[in-house]
Amino acid sequence: MIKDIYSDPELYDSAHWWKTNDIDFITNSANKFGSPILELGAGTGRLALPILEMGHTYTGIESSPAFVKSTKNKLAQFGEKSTVLEGDMRSFDLDQTFQFIFIGFNSIFHLLTNEDVKSCFKCIHKHLTEEGTFLIDTFIPDPLFLYRDKQKYYVMEFDTSDGVHCIVSETNEYDNETQINHIQWYFNYEGKADPEVFKFDMHMIFPDTMDRLLMDAGLKIMEKYGDYEKTPLGPESQLQIHECKK
Ligand SMILES: C[S@@+](CC[C@H](N)C(=O)[O-])C[C@H]1O[C@@H](n2cnc3c(N)ncnc32)[C@H](O)[C@@H]1O
């Protein structure tokens, strides 16, 4: 059986233990732009936790019911300062505006058409205060990765909460018509003959398209960074980080 990668919050957290390089960047942005803060694709609260620990007021929208349940429990200690809602970043109406809205860790790539991305950006526009900031962080799609030979490649390794070592490998199939990369992850647990298989799709949004979609939604691009140290976006950049205002 092939599973959804966003169905098991505990496994997701164990597998992504290494993803810490964006935390200072996001918390510094939260401190600079201020509360209230809205995150779209909130996941398991990886970025919500340090933001709330700094005293901010945080709302997260997340589509996976299992992730929402687990994140609500994880953030319950912050009481009214934290709100986690099950919802879809393509269409939401919170009857509230935010000083800082962000989409971290490539989550926008789960919106599989430009129309979906545009409606998400329009919702963001509607939920920003007049002086508010929207920040979006994704990698820059790499054709060498998309068109590589069809075989399994190493992704990462981790220990499960039960202490079982797991090595993750992947295959991908890129459709250049739809610009969707179809990915399968194979979780190979020590002592188990067959891997557990997960699949997910990512819409490869290249920098020129990202700029156009942001501007089409009425968002003004104020800064474009190529990494978390705020190096200006350039030919060597691996990330595209946009800071926008209305
Ligand atoms: C790569 S994870 C990132 C999670 C979290 N932001 C982090 O940095 O750890 C992407 C998240 O986006 C969520 N997601 C995907 N499509 C969504 C949608 N249309 N609306 C809201 N959340 C969505 C997934 O369920 C998943 O939790």
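Residues numbered from 1 in each chain as written. Predicted model: local features only at pLDDT ≥ 70, side-chain atom pairs only at ≥ 80, totals over all residues.

Participant: Would you take a moment to explain the site of the ligand for this structure?
Facilitator: Every one of the 20 residues lining the ligand counts as a neighbour, but Gly41, Gly43, Arg46, Ser63 and Phe105 are closest to it. A class-by-class count of the residues in the shell around the ligand yields eight nonpolar, eight polar and four charged. (Near = placed C-beta within 6 Å. Nonpolar A, V, L, I, M, F, W, Y, C, P; charged D, E, K, R; others polar.)

Participant: Can you walk me through the nonpolar core in this structure?
Facilitator: If you look at soluble globular proteins, the nonpolar side chains tend to sit buried side by side. Counting 46 residues, the largest nonpolar core has Ile101 and Phe134 as the members making the most contacts within it. Setting aside residues up to four positions removed in sequence, phenylalanine 134 forms contacts with Ile101, Ile124, Leu128, Leu219 and Cys244. (Core = buried A, V, L, I, M, F, W, Y, C linked by C-beta atoms within 7 Å. Buried ≥ 20, exposed ≤ 12 C-beta atoms within 10 Å, placed from the backbone. Contact = placed C-beta atoms within 7 Å.)

Participant: Teacher, can you tell me more about the sheet that holds strand E8 (residues 165-175) here?
Facilitator: The strands making up a sheet are joined through hydrogen bonds of the backbone, oriented either antiparallel or parallel. Across the sheet, which stays open at both edges, the five strands sit in the order E1-E10-E9-E8-E7 with mixed pairing between neighbours. Here the strands that pair on one side only, and so sit at the sheet edges, are strand E1 (2-4) and strand E7 (153-159). Averaged over all adjacent pairs, the angle separating strand axes in this sheet is 30 degrees, with direction ignored. As paired strands, E1 and strand E10 (residues 196-203) are joined by three bridges and run parallel to one another. Bridging across to E10, isoleucine 2 finds its partner in valine 197. (Pairing = 2+ DSSP bridges. Helix = DSSP H or I, 4+ residues; strand = E, 2+ residues; numbered from the N terminus. Axes fitted to C-alpha atoms, helices over the stretch in contact; angles between N-to-C directions.)

Participant: What's the story with the sheet that holds strand E11 (residues 220-225) in this structure? I'm lost.
Facilitator: Strand order in the open sheet made by the seven strands is E4-E3-E2-E5-E6-E12-E11, with mixed pairing throughout. Each edge of the open sheet carries a strand with a single partner, namely strand E4 (82-86) and E11. Neighbour-to-neighbour, the strand axes of this sheet turn through a mean angle of 15 degrees, independent of strand direction. Relative to E4, strand E3 (residues 58-62) runs parallel, the two being bridged by five bridges. Its bridge partner lying in E4, isoleucine 61 is registered against leucine 85. Lying on the sheet, helix H2 (residues 23-33) is in contact with strand E2 (37-40), strand E5 (98-103) and strand E6 (128-139); it crosses E5 at an angle near 160 degrees.

Participant: Help me understand the domain arrangement of the protein in this model?
Facilitator: Often, the extent of an interface is quoted as the loss of accessible area on bringing the components together. When the domains of the protein are assigned, the result is domain 1 (19-140 + 205-245) and domain 2 (143-203). Counting from both sides, the interface comprises five residues of domain 1 and, opposite them, four residues of domain 2. A breakdown of the residues in the side of domain 1 that touches domain 2 according to their chemical character gives four nonpolar, one polar and no charged. (Domains from an automatic or database assignment.)

Participant: Can you help me understand the packing of helix H5 (residues 114-127) against helix H7 (residues 207-216) in this one?
Facilitator: Packed helix pairs are characterised by how far apart their axes lie and by the angle those axes make with each other. For the pair H5 and H7, interaxial distance at closest approach is 8 Å and the crossing angle is 45 degrees. It follows from the interaxial angle that H5 and H7 lie oblique. Judged by the sense of rotation from one axis to the other, the crossing of H5 with H7 is right-handed. Between H5 and H7, the residues in contact are Asn114, Val117, Lys118 and Phe121 and Leu213, Leu214 and Asp216, respectively. Split into classes, the residues belonging to the contact of H5 with H7 amount to four nonpolar, one polar and two charged. (Parallel < 35°, antiparallel > 145°, perpendicular 65-115°, else oblique. Left-handed = near helix turned anticlockwise from the far one by under 90°.)

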